[in-house]
Amino acid sequence: MLKWIRRYFVWLCVAVAVAGCGILSLGLSRQMHIDDVMQNGAMAVAIINRAQSISRKSLKTYTVDLTWKDENGKARKATGIPISSAFAARIINNGVLLIPATEIRYLTETPATLPVIVADAAPLSTAATTMQLWGGTLSVLGILGGFLLGWLLPRMGVQ
């Protein structure tokens, strides 16, 4: 095998491992956010001001903008809260918002933290777990591939 091709594939494996670590950390941070808000958050009923879909190539993501009153009666607002496609299908039909309000959990001590919609917590948690699995798998495959191509094959005499 030509050395430059092997080097190219080693760097490709390193890039896959780094990307896998990024996906893994994103999934972990989402999972920790959902768990923290669901365990330590206060309940409220929020008004859905806006629901929108964002299309990037063939990937569609959904977000909502919410307004609610906290336990002190102060109006709070959060924009760009990600929701699952299953929840979006339940609240939106042909561009019309079917459900005007939903139950949420929010952290009282940190107002900048996004709330979590109670009915959508399980699907978002499942998606975060899936991201962790894919990220871990890509990391392991990238590390193993880089090790095999970059260290083990040259030691075995394969150039």
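One can find the structure itself at the top, above this paragraph.
Residues numbered from 1 in each chain as written. Predicted model: local features only at pLDDT ≥ 70, side-chain atom pairs only at ≥ 80, totals over all residues. Heavy atoms only, no water.

Q: Is there a simple way to think about helix α3 (residues 121-155) in this case?
A: An α-helical segment advances 3.6 residues per turn. Residues three or four places apart therefore align on the same side. Here α3 is 35 residues long and its end C-alpha atoms lie 50 Å apart, about the 51 Å a rise of 1.5 Å per residue gives. Its axis deflected by about 35° at leucine 148, α3 carries its strongest bend there. Turning to α3, its buried residues number three or more, namely Ala121, Ser125, Ala128, Met131, Gln132, Gly135, Ser139, Gly142, Gly145, Gly146, Leu149 and Leu153. Here the buried face of α3 lies against α1 (3-40) and β7 (116-117). (Helix = DSSP H or I, 4+ residues; strand = E, 2+ residues; numbered from the N terminus. Expected span 1.5 Å × (residues − 1). Bend = angle between axes of the 7 residues up to and from the residue. Buried < 20%, exposed > 50% of the residue type's maximum accessible area, 1.4 Å probe, protein only. Contact = heavy atoms within 4.5 Å.)

Q: I tried to follow the sheet that holds strand β6 (residues 101-106) on my own but got confused; where do I start?
A: Sheet strands pair by backbone hydrogen bonding; their relative direction is either parallel or antiparallel. Ordered in space as β3-β2-β1-β6-β7, the five strands form an open sheet in which the pairing is antiparallel. The sheet terminates laterally at β3 (75-83) and β7, the two strands that pair on one side only. Where strand β2 (residues 59-69) and β3 come together, seven bridges link them in antiparallel fashion. Paired with lysine 69 across the two strands is alanine 75, which belongs to β3. (Pairing = 2+ DSSP bridges.)

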